[in-house]
Amino acid sequence: MGSEITELLAAWSSGRREAFDQLMPLVYEQLQSLARHRLSLEAPDHTLRPTELVHEAYLRLVRSEISAKDRSHFYAICAQMMRRILIDHAKGSLREKRGGGAAVVRLEGMDVVSSDAPERVLAIHEALEKLEQLDPRKAQVVEMVLFGGIEQEIAAEALDISPATLRRDLKVAKAWLYQAIRHSAGGSVREK
């Protein structure tokens, strides 16, 4: 199945739309798993469900000019797309001034606590953007492993680095993000 996925990705990248339609049934369960993982990091009362997140990612992929070189790269793209969808959703929530009690947004090992979860999501997003400016690879590692739920070995392969390098990058990136979010949140970050 892995080679079939790679062949369909190559056909899609060369402009064959029907290849993408054939690809989706083969990767749908893995995308659902990515979406469930990503949503598990959000507030429990989040209004998006995994199926909605997968379908929105599908629509964005169809409309985009993005091409994936292999299966690992495709899942990395999907994880990044899902993160962007959730950021857009958080921005929309802020505009609508939805609120309620305190909510928690997890960044593996950290809880960011606030009375307005969309603001925390945006704080994490802004910190990740700053990290991306300083070290794009470390930002990609965080996006793929922590936010996308992609296995470390697959993420290392997609980034063309060793698993040991990926683990080191992840450790440094998590520490950097923790400090950046803590600084921007005025101390409303608590370690688990």
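In every chain, residue numbers begin from 1 and rise along the written sequence. Reporting in this predicted model follows two pLDDT cut-offs: at least 70 for local features of residues, and 80 or more for side-chain atom pairs to be given and counted; totals over whole chains, interfaces and linings ignore these cut-offs and use all residues. No hydrogens and no water enter the side-chain calculation; it runs on all heavy atoms of the structure.

1. With respect to the nonpolar core
Now for step 1: Only buried residues count toward a nonpolar core. Its members are Ala, Val, Leu, Ile, Met, Phe, Trp, Tyr and Cys residues joined through side-chain atoms within 4.5 Å. Think of it in three bands: residues with accessible area under 20% of the maximum for their type are buried, residues over 50% are exposed, and the middle band is partly exposed, with areas taken using a 1.4 Å probe on protein chains only. With 54 residues, the main nonpolar core has Leu31, Phe74 and Val142 as its most contacted residues.
Now for step 2: Going through the elements one at a time, helix 1 (2–13), helix 2 (17–40), helix 3 (50–63), helix 4 (71–96), helix 5 (117–134), helix 6 (136–147), helix 7 (152–159) and helix 8 (163–184) are the ones with two or more residues in this core.
Now for step 3: Of all hydrophobic cores here, the second largest spans 5 residues; its members include Ala90, Leu94, Val121 and Leu122. The helix count covers DSSP runs of H or I at least four residues long, the strand count covers runs of E at least two residues long, and both are numbered beginning at the N terminus.

2. Things to note about helix 8
Now for step 1: Expected helix span is given by 1.5 Å per residue-to-residue step, counting one fewer step than there are residues. With 22 residues, helix 8 should cover 32 Å at 1.5 Å per step; its first-to-last C-alpha distance of 31 Å lies within 8% of that length.
Now for step 2: Taken as a whole, helix 8 has its buried residues at Thr165, Leu166, Asp169, Leu170, Ala173, Leu177, Tyr178, Ala180 and Ile181.

3. A closer look at helix 1
Each α-helix winds once per 3.6 residues, and so residues spaced three or four apart point in a common direction.
Now for step 1: Helix length check: helix 1, at 12 residues, gives a terminal C-alpha distance of 16 Å against a target of 16 Å (1.5 Å per residue), a fit within 8%.
Now for step 2: Looking at helix 1, one finds that the buried residues are Ile5, Leu8, Leu9, Ala11 and Trp12. Along the axis of helix 1, the buried residues cluster in a sector spanning 160°; they form a single face. Exposed and oriented more than 90 degrees from the buried face of helix 1 are Ser3 and Glu7.
Now for step 3: Gly15 sits one or two positions beyond helix 1 and adopts a positive phi of about 105°. The arc refers to the directions leading from the helix axis to the C-beta atoms.

Keep in mind these numbers describe shape, not what the thing actually does.
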